[in-house]
Amino acid sequence: QVQLVESGGGLVQPGGSLRLSCAASGFTFSTAAMSWYRQAPGKERELVATISGGGGSTKNYADSVKGRFTISRDNAKNTISLQMNSLKPEDSAVYYCKVRLLPGWGQGTQVTVSS
């Protein structure tokens, strides 16, 4: 059973940074491609970033976060992270991690960018 626990969200001023983490269990993490999604109030959930399995050599980002967000993985700890820099108010959302090819979502972590 896939279990995903996101953490690291919070309130940050525009231009600030946050680092989100996702602890994963219940599947073979090291070979699984993983993603971060986000959902703002009244909007559909959108894909933010994806990292390939294994060494994570392939990374893809939504145009809206390219150059500001970095996805990474630690297979020894079964975690993925999302480093978010130069945050904007429009980045405010609940952020979720997901196994690309398996069903299931964590509870998410709230990110609020506001002065």
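Reading the values: the criteria
Residue numbers restart at each chain and count upward from 1, following the sequence in its written direction. The predicted nature of this model means local features are confined to residues of pLDDT at least 70 and side-chain atom pairs, given and counted, to a pLDDT of 80 or more, with totals for whole chains, interfaces and linings taken over all residues. Hydrogens and waters are ignored; side-chain quantities use all the structure's heavy atoms. Salt bridges, as used here, are contacts in which a Lys or Arg side-chain nitrogen is within 4 Å of a carboxyl oxygen on Asp or Glu. Here's how the labels work: a residue is buried when its accessible area is under 20% of the maximum for its type, exposed when over 50%, partly exposed in between, all with a 1.4 Å probe on protein chains only. Cysteine sulfurs are considered disulfide-paired once they come within 2.5 Å of each other. Helix and strand assignments come from DSSP, with helices taken as H or I runs of at least 4 residues and strands as E runs of at least 2, each series counted from the N terminus.

Caption draft 1: Region of the structure containing the pattern of salt bridges. If you walk through the whole model with that rule in mind, you get four salt bridges. Between Asp-63 and Lys-66 there is a salt bridge whose closest N-O contact spans 3.2 Å. Judged by relative accessible area, Asp-63 falls into the exposed class, the value being 65%. A network of salt bridges, in which partner residues are shared, links Arg-38, Glu-46, Arg-68 and Asp-91.

Caption draft 2: Up close: the state of the cysteines. Taken as a whole, this structure holds one disulfide when the rule is applied. Two residues, Cys-22 and Cys-97, share a disulfide whose sulfurs are 1.9 Å apart. Its torsion about the S-S bond being 45°, the disulfide of Cys-22 and Cys-97 is classed as right-handed. A residue pair is termed long-range when its members are at least 10 positions apart, and Cys-22 in strand E3 (residues 18-25) and Cys-97 in strand E9 (residues 93-99) qualify at 75 residues. Pair check on accessibility: Cys-22 and Cys-97 agree, each one buried.

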